[in-house]
Each structure stands twice: as C-alpha cells, then as structure tokens.
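Residues per chain are reported as follows:
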Amino acid sequence: MYALVTRQTERGGVLFPEERISRESALKQYTLNGAYAIFAEGRKGRIESGKLADLTVLDRDFFTCPQRK
C-alpha cells in the first residue's frame, strides 16, 4: 500500500508519480476490490457479520500517519 500511495521504490526512486492514489483508494484495492476481482465480494472484502475476515492491527491511524517507511 505504501508503494501505491507514494510510488517510491525500495532504493528511493519514484516510479510514475502521476499514478499515486489516495490512502482510501489503496485500502479499497486490498479489501473491497480484491474480493470483487475474485468474485468473492459476497463472502469477504468488508467487516460484516457472516463474512470471512483477515485483520491487521496497526499502532497508528493509517489515514493520518506520516508517509515514511
């Protein structure tokens, strides 16, 4: 998700900066859109009763933390 938002490489370069997307869009790519891409949006992609879930616990707010590695 870092690369989607910043377009920075591991070596510090920037690839196609005009293709940066918002943090909200990056999160949707990994959740809702990922489930949709494999025709599983009825079973996963959102935190809802009865759906499968993989959870990640972060120690800060993904939407407001600094864009550093």
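Here the structure is a predicted model, which is why all the values come from computation and not from measurement.

1. Remarks on the layout of surface pockets
- Within this model, the largest pocket holds a volume of roughly 730 Å³.
- Surrounding the largest pocket, 20 residues form its lining, Leu 27, Tyr 30, Thr 31, Asp 54 and Leu 55 being those nearest its centre.
- Of all elements in the fold, only α2 (23-30) and α3 (32-37) reach the threshold of two or more residues within the lining of the largest pocket.
- A per-class count over the lining of the largest pocket returns 12 nonpolar, 4 polar and 4 charged.
- For the second largest pocket, the calculated volume is near 270 Å³.
- In terms of lining, the second largest pocket is formed by 12 residues, of which the most central are Tyr 2, Cys 65, Pro 66, Gln 67 and Arg 68.
- The element that contributes the greatest number of residues to the lining of the second largest pocket is helix α1 (residues 2-6), accounting for 3 residues.
- Each residue belonging to the lining of the second largest pocket can be placed in one class, and the counts come to 6 nonpolar, 2 polar and 4 charged.

2. Things to note about the confidence of the model for the protein chain
- Here the protein chain averages 91 in pLDDT, while 99% of its residues score no lower than 70.
- Of all the helices and strands in the protein chain, α1 carries the lowest mean pLDDT, 92, while α2 carries the highest, 94.

3. Section: the side chain of Arg 7
- Within the secondary structure, Arg 7 sits in the loop between α1 and α2.
- Its relative accessible area of 18% is what places Arg 7 among the buried residues.
- Look past the residues within four positions of Arg 7 in its chain and what remains in contact with it is Tyr 2, Gly 13, Val 14, Leu 15, Phe 16, Pro 17, Glu 19 and Arg 20.

Each value, and the rule that gives it
Residues numbered from 1 in each chain as written. Predicted model: local features only at pLDDT ≥ 70, side-chain atom pairs only at ≥ 80, totals over all residues. Heavy atoms only, no water. 1 Å grid on protein atoms, 1.4 Å probe; cavity = no way out; pocket = protein on both sides within 12 Å on 5 of 7 lines; lining within 4 Å. Points joined across faces, edges and corners; volume = space filled by probe spheres on them. Helix = DSSP H or I, 4+ residues; strand = E, 2+ residues; numbered from the N terminus. Nonpolar A, V, L, I, M, F, W, Y, C, P; charged D, E, K, R; others polar. pLDDT = per-residue confidence, 0-100. Buried < 20%, exposed > 50% of the residue type's maximum accessible area, 1.4 Å probe, protein only. Contact = heavy atoms within 4.5 Å.

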